[in-house]
Amino acid sequence: MICDICGKSGARIRRMTRSYGRGENLFVIENVPVVVCPHCGESYLTAETLHEIERLKLHRKNLAQERCIDVVAFA
Ligand SMILES: [Zn+2]
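All values derive from a computational prediction rather than experimental measurement.

A. Region of interest: the overall build of the chain. Scanning the chain from N- to C-terminus turns up two helices and three strands. The secondary structure elements of the chain, listed N-terminal to C-terminal, are β-β-β-α-α. A globule of 75 residues ought to have a C-alpha radius of gyration of about 11 Å, yet the chain, at 15 Å, is considerably larger. Projected onto its principal axes, the C-alpha coordinates of the chain cover approximately 40 × 30 × 15 Å. Put simply, 38% of the contacts in the chain that link residues at least 6 apart link residues at least 24 apart. In the chain, 11 side chains carry a positive charge and 9 a negative one; their mean positions are 3 Å apart.

What follows is the structure, given as structure tokens:
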């Protein structure tokens, strides 16, 4: 696909885990499609992905499954 930043082709989708908020409000979304460009080194989310993330955050209570995970803070 074409990179939105530099306009070259070869950008790829990588599925990544993103976290939002912190502490009690920490919210994690897995498999977020991030566009990564090997030419300019940029990684970004498409408008469509950002829109979907907003939707997931909004419906977090209904969609989320609670999972016990380890969390550390960078010292
Ligand atoms: Zn690029």
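And the narrative resumes.
B. Highlighting the sheet that holds strand β3 (residues 43–44). Reading across from one edge, β1-β2-β3 is the order of the three strands in this open sheet, with antiparallel pairing throughout. Each end of this open sheet is capped by a strand with a single partner; those strands are β1 (12–20) and β3. The sheet contact formed by β1 and strand β2 (residues 27–36) spans eight bridges and is antiparallel. Bridged to Arg-15 within β2 is Pro-33. The sheet strands contacting helix α1 (residues 47–58) are β1 and β2, and the helix crosses β2 at an angle near 175°.

C. Highlighting the coordination of the zinc ion. At the metal site, the zinc ion is ligated by Cys-3 (SG), Cys-6 (SG), Cys-37 (SG) and Cys-40 (SG), and these contacts range over 2.2 to 2.3 Å. With four donor atoms in place around the zinc ion and angles of 105 to 115° between them, the coordination shape is tetrahedral. Mapped onto the sequence, the residues coordinating the zinc ion show the spacing C-x2-C-x30-C-x2-C.

D. Just the pattern of salt bridges, in detail. Tallying each qualifying case throughout the model produces three salt bridges. The residue Arg-67 makes a salt bridge to Glu-30 at a minimum N-O spacing of 3.2 Å. Here Arg-67 is found in the segment after α2 (60–63), whereas its partner Glu-30 is found in strand β2, with 37 residues between them in sequence. Judged by its relative accessible area of 44%, Glu-30 is partly exposed.

About the thresholds
- The residue count restarts for each chain, going from 1 along the sequence in the order it is written.
- Residues qualify for local features only when their pLDDT is at least 70, as the model is predicted, and side-chain atom pairs are given and counted only at 80 or more; totals for whole chains, interfaces and linings, by contrast, use all residues.
- Remark: hydrogens and water are excluded; side-chain values derive from all non-hydrogen atoms of the structure.
- The numbering of helices and of strands both runs from the N terminus, where a helix is a DSSP run of H or I of at least 4 residues and a strand a run of E of at least 2.
- We take the radius of gyration over the C-alpha atoms and set the globule estimate at 2.2 Å times the residue count to the 0.38 power.
- Contacts between residues were defined by any pair of non-hydrogen atoms, one from each residue, lying within 4.5 Å.
- Charge assignment in this entry is limited to Lys and Arg as positive and Asp and Glu as negative, and neither His nor the chain termini are counted.
- Lys charges are placed at NZ, Arg charges at CZ, Asp charges at CG and Glu charges at CD.
- Pairing between strands requires that DSSP locate at least two bridges from one strand to the other.
- Lines fitted to C-alpha atoms define the axes, with helix axes restricted to the stretch in contact, and inter-axis angles between N-to-C directions lie between 0 and 180 degrees.
- Excluding water, the donors of a metal are its N, O and S neighbours within 2.8 Å, or within 3.2 Å for Na, K and Ca, and that exclusion means sites may look incomplete.
- Any coordination sphere not matching a tetrahedral pattern (four donors, all angles between 85 and 135 degrees) or a square planar or octahedral pattern (four or six donors, opposite donors over 155 degrees apart, other angles between 65 and 115) is reported as irregular.
- Salt bridges are identified by distance alone: a Lys or Arg side-chain nitrogen within 4 Å of an Asp or Glu carboxyl oxygen.
- Accessible area is worked out with a 1.4 Å probe on protein chains only. A residue is then buried under 20% of its type maximum, exposed over 50%, and partly exposed in between.

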